[in-house]
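Single-letter residue listing:
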Amino acid sequence: HRAFHHGLAGFAAAVQHVLHVVHSLAVYARDIIHAAQAGIQLHKPGIKGHAALRVTTENTALAMGSGELPVLATPAVAALIEKACWQSVASELELDQGTVGTALTVAHTAPTPVGMIVQCDCELTAVEDRRLRFTARVYDDVTQIASATHERYIVDNDRFTRKANSKRTAEA
C-alpha cells in the first residue's frame with residue numbers, strides 16, 4: 001500500500017511538471033503571437049544589407065533637378081540608401097508587413113561621374129518596437145561618397161495603403 005502511495009505521488013509530481021512546461025510554452029507562444037500582431041519583430045541589430053547602382057544621365061543632379069551638374073544626384077544616393085535598408089530586413093518580416101522610411105540624414109561628401117558604380121552597405125543598429133534604425137556607407141570605386149543614418153517603421157502593408165488612399169476620399 002505504501003509503495004502504491006509513493007508511486008502515485010511520483011506520478012502526480014511528473015504530471016505537475018508536464019503541466020508547468022505546457023503552461024510555459026503557452027505563455028511563450030502567446031507572447032510571440034501578441035508581438036506579431038503588434039507588428040513587433042524579434043529582430044536584433046546587426047542585420048546587414050547592400051545595394052548598388054550605375055551612375056547614368058538619368059540619375060544625375062542635372063536630370064533629377066537637384067543641381068546643375070552631370071554627377072550622381074543626392075536624391076539618387078538617398079534612394080540607394082533606402083533600398084539597401086528596406087531590402088536588408090524584408091525577409092525577416094511577416095508576409096503582410098513592410099517598412100516605410102520616416103527619417104534620413106545624409107552627408108553626400110564627394111561627387112561621382114556618369115559611368116561609375118556606386119555601392120551602399122547598411123547595418124541595422126537599433127530595434128525599438130516597430131522602429132528600425134540603420135547606418136549606411138556609400139562609396140564608388142575611388143572613395144566613400146556619403147554616409148547616413150536612416151529610420152524605418154514596420155507597417156501592415158494593407159492598413160498603411162488604405163490609410164494613404166483614404167486621403168483621396170477625404171478630398172471629395
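Right above here is the structure, for reference.
Residues numbered from 1 in each chain as written. Predicted model: local features only at pLDDT ≥ 70, side-chain atom pairs only at ≥ 80, totals over all residues. Heavy atoms only, no water.

## Some details on the nonpolar core
The tendency in soluble globular proteins is for nonpolar side chains to be buried as a group. The biggest cluster of nonpolar side chains holds 28 residues, and the ones touching the most others in it are Leu72, Ile81, Val118, Val138 and Ile145. Within the residue set of this core, elements represented by two or more residues are strand E1 (48–54), helix H3 (74–90), strand E3 (117–128), strand E4 (131–139) and strand E5 (144–156). Residue contributions to this core peak at 7 residues, all from H3. Ignoring any residue separated from it by four or fewer positions in sequence, one finds Val138 in contact with Val77, Leu80, Ile81, Val118, Gln119, Cys120, Gln144, Ile145 and Ala146. (Core = buried A, V, L, I, M, F, W, Y, C linked by side-chain atoms within 4.5 Å. Buried < 20%, exposed > 50% of the residue type's maximum accessible area, 1.4 Å probe, protein only. Helix = DSSP H or I, 4+ residues; strand = E, 2+ residues; numbered from the N terminus. Contact = heavy atoms within 4.5 Å.)

## Some thoughts on a positive patch on the surface
Side chains of Arg130, Arg159, Arg162, Lys163 and Lys167 sit close together on the surface and give a patch of like positive charge. As for its placement among the helices and strands, Arg159 is situated in helix H4 (residues 157–171). On the basis of relative accessible area, Arg159 is assigned to the exposed category, the value being 61%. (Patch = residues over 30% accessible without salt bridge, like charges linked within 9 Å, V, L, I, M, F, W, Y side chains within 5 Å. Areas by Shrake-Rupley, 256 points an atom, 1.4 Å probe, with all protein chains shown as cover. Salt bridge = Lys/Arg side-chain N within 4 Å of Asp/Glu carboxyl O. Lys, Arg positive; Asp, Glu negative; His and termini not counted. Charge placed at Lys NZ, Arg CZ, Asp CG, Glu CD.)

## Digging into H4
Its 15 residues place the ends of H4 22 Å apart at the C-alpha level, agreeing with the 21 Å of an ideal helix rising 1.5 Å per residue. Of all 15 residues in H4, 0 are buried; the element is thus mostly exposed. With a side-chain oxygen lying 3.3 Å from the backbone nitrogen of Asp158, the N-terminal cap of H4 falls on Asp156. (Expected span 1.5 Å × (residues − 1). Polar contact = N/O pair within 3.5 Å; in protein donor to acceptor, adjacent residues only side chain to side chain.)

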